[in-house]
Structures are given as structure tokens and as C-alpha cells.
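# Structural description and commentary
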Amino acid sequence: MKSIFTSRQVIIPCIATIGLGILGFWASVSAKPQTPPSFTKVENPGEFKLEGKGEPSVLNQKEKLPGRRVILGSDDRIPMTSRDYPWSAIGKIEGIGADGGGYSCTGTLITEDVVLTNAHCVVNPETRKVSQAIAFEPNLVNSIVKSKNDIAYATNVHYGTDFKNGDLADYANDWAILKLNKPIGKKYGYLGWKSLPSSRLVGDTKKFALVGYSGDFPNPKKKGYETLTAGESMTAGVHLGCSILRHQDNLLYHNCDTNHGASGGAIISNIKGKYYIFALHSGSNEVNGLLLNRAVEMSRLDEWLQRN
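None of these values were measured; they are calculated from a predicted model.

With respect to the helices, strands and loops of the structure, Gly102 is situated in strand β7 (residues 102-111). On the basis of relative accessible area, Gly102 is assigned to the buried category, the value being 13%.

Printed below as a string of C-alpha cells:
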């Protein structure tokens, strides 16, 4: 999707377009060609079984941080090669837009069959048209999932905004939840989420991590990534020890390294051994002349649940 320009701000949706062959992806999921299910927007959170939740699963897996490979300049991302929880709950979103073009984002399981991502990974901010189909590839590493049978499709969706205002204010609600056609969270686990006041989140704490399938990472053309031959956005990059630095205009701003394709990536942290999402990466925009990474507050999801 193209960037959106307004008279006062530059809004850059952090979403990566992908090349030809996306339609072949849908057919390759099983031996027999299949049509991905279409999905509809629902208003009732009961459809997603989110009421009273927000707590993570606890799998019998040990945390295993991916090994450090190469730091390129100030880029602190490292390949997310672990198959262990909590990294297993994060995956790549592949979509077909209303215009038939392919794109990719990042999503995170928050229940057995619900994925959290950005609204602009479901709705084109320029045309306000909803995507035709969306698939979720859990724990994609080197373009490989544990089993192709674990690739799930969105059947229902709810998004926090359809970008009707066409300005930065829309992005305060740049979240969406996808109901999947199979409960893969039983196998991969899922993260919880917490809504905390910005006063508790903001600061150079270096206590957060962001995982995203950025289109520029890992780059096999760069020295040090020769073993990651799958190409760009086929293995997630994780920035460990980043911070949420600012709260302004109902948005959070952070210094976690990321790029296009990481839209919908969860900003997570650990509380007493449990992993929670504290913010949702949404893209970048100018703030007082500086280009900063922005994120959505998790209170926005809670507000929708409470209203309904």
C-alpha cells in the first residue's frame, strides 16, 4: 500500500507488498487447490471469545532467545529462529487486497484461534476497502512452518478503524483481530495483553521486545546472513531491549528497530514469567519534524470489549 500524505503529517503504513505467486500460495497449502475463506466484520466480541481474557497461555516450553548473528550499523534486530514459546505465538500474515495485490504483515496469537494485528493489514487506508483473504503462518522461520496444516485463514474480523478521517488520528485505533478457522494456539501458544497507563510504559527502560517480519530482514545479500537463504521477510527480526519513549496524540512512540512488513508486530515484555503485549507497532510518522515509530495502546482493544 502507498504512503498517505497530509498537509501536516507523513503517515507511513509499515506494510510490505509481496511479489507474484501469492495466489499460488493459497493453493499450495494442501495437495488439493483450495479457495481461502472470505471473512466478514463482526461487532460482537463474543465471536472472538475475548471477554475477561488477556492472560497468556503457559506452554511446557523453555524460553530460548535466538542467537545473535550480525548487527548492521545501529540495527539491533537479530533473526527470530526459535521455535519455542513465546516466539512460537508470532507469525506472518499474508493477504490479498481488494485490488488483488498481495501484501504481508505480522500478527500474534492472543487466544487459541484469534490473531492481533493492525487495521491497515485488513483495510487499505487509501481506498478503505477490506482485503479479500488473509492467511496466518505461525512461527515462520526461513520460510518454513512446522506443518503446512498449521497455516490458518481468517474467517471473521473486527478492525478498530476504517481510516475514514484520512489523518493521523485514525491510527490511534489501528488494531484488528482475526478469527481463524482452526485453533492453532493450542500448539503454538498465545500471548496475553495488558492495558497500562502511559506513565508506566514510557521511559528508556529497555524492557520491551518487538518481533516483526520486516521486508528488509534478513537480507541474504548482507554479509553474515548467508545461512538464511529464504530471503527477506521470511524470518522475523526481533529487537530485544527496546523502549517506549513518548505518548502523544493518543499514540505511543518507540525506538524498536523495524521496517515495512512489521506492521501488527507486538511490543511485548515479561511479568513474573508470563508474556504480555503492551503495545502494537503500527508504522512511522513525523512528530515535530522527526520520523518516529508509533504504536497503538492496548487500551483501545479493551475499550471495544467494554463497549460491547
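To continue, consider the environment of Arg300. Relative to the assigned elements, Arg300 resides in helix α4 (residues 299-307). Residue class for Arg300 comes out buried when judged on its relative accessible area of 15%. Sequence separation between Arg300 and Asn250 is 50 residues; the distance between their C-alpha atoms is 9.9 Å. Once residues within four sequence positions are removed from consideration, Arg300 is found in contact with Ala172, Asn173, Trp175 and Asn250.

A word on the nonpolar core. Note on soluble globular proteins: their nonpolar side chains tend to be buried together. In this structure, Leu109, Val122, Ile177 and Ile277 are the most contacted members of the largest nonpolar core, which totals 61 residues. If one sorts the elements of this core by residue count, strand β10 (residues 152-159) sits on top with five residues. When neighbours within four sequence positions are excluded, Ile177 is seen to be in contact with Phe48, Leu50, Ile110, Val114, Val115, Leu116, Asn156, Val157, His158, Leu301 and Trp304. The next biggest cluster of nonpolar side chains, apart from the first, holds 12 residues, and it includes Phe208, Leu210, Cys242 and Cys256.

Another aspect to go through is the state of the cysteines. Here the structure, examined in full by the defined rule, presents two disulfides. Each sulfur in the disulfide pair Cys105 and Cys121 lies 2.1 Å from the other. Disulfide Cys105 to Cys121: torsion about the S-S bond roughly -90°, handedness left-handed. Of the two residues, Cys105 sits in strand β7 while Cys121 sits in the loop between β8 (114-117) and β9 (133-138), which places them 16 residues apart along the sequence. Bridging Cys242 to Cys256, the disulfide has an S-S length of 2.1 Å. Its S-S torsion of approximately 80° makes the covalent link between Cys242 and Cys256 right-handed. Linking Cys242 in strand β14 (residues 237-242) with Cys256 in the loop between β16 (251-254) and β17 (266-271), this pair joins segments that are 14 residues apart in sequence.

What follows concerns the pairing of strand β11 (residues 176-180). Of all the five residues making up β11, five are buried; the element is thus mostly covered by neighbouring parts of the structure. Residues Ala176, Leu178 and Leu180 point to one face of β11 and Ile177 and Lys179 to the other, with burial holding for every one of them. Pairing of β8 with β11, which is carried by four bridges, proceeds in the antiparallel orientation. Within the sheet, the bridge partner assigned to Val115 lies in β11 and is Leu178. When β10 meets β11, the two strands line up antiparallel, connected through five bridges. Its bridge partner lying in β11, Tyr159 is registered against Ala176.

Reading the values: rules and limits
- Residues numbered from 1 in each chain as written.
- Predicted model: local features only at pLDDT ≥ 70, side-chain atom pairs only at ≥ 80, totals over all residues.
- Heavy atoms only, no water.
- Helix = DSSP H or I, 4+ residues; strand = E, 2+ residues; numbered from the N terminus.
- Buried < 20%, exposed > 50% of the residue type's maximum accessible area, 1.4 Å probe, protein only.
- Contact = heavy atoms within 4.5 Å.
- Core = buried A, V, L, I, M, F, W, Y, C linked by side-chain atoms within 4.5 Å.
- Disulfide = S-S within 2.5 Å.
- Pairing = 2+ DSSP bridges.

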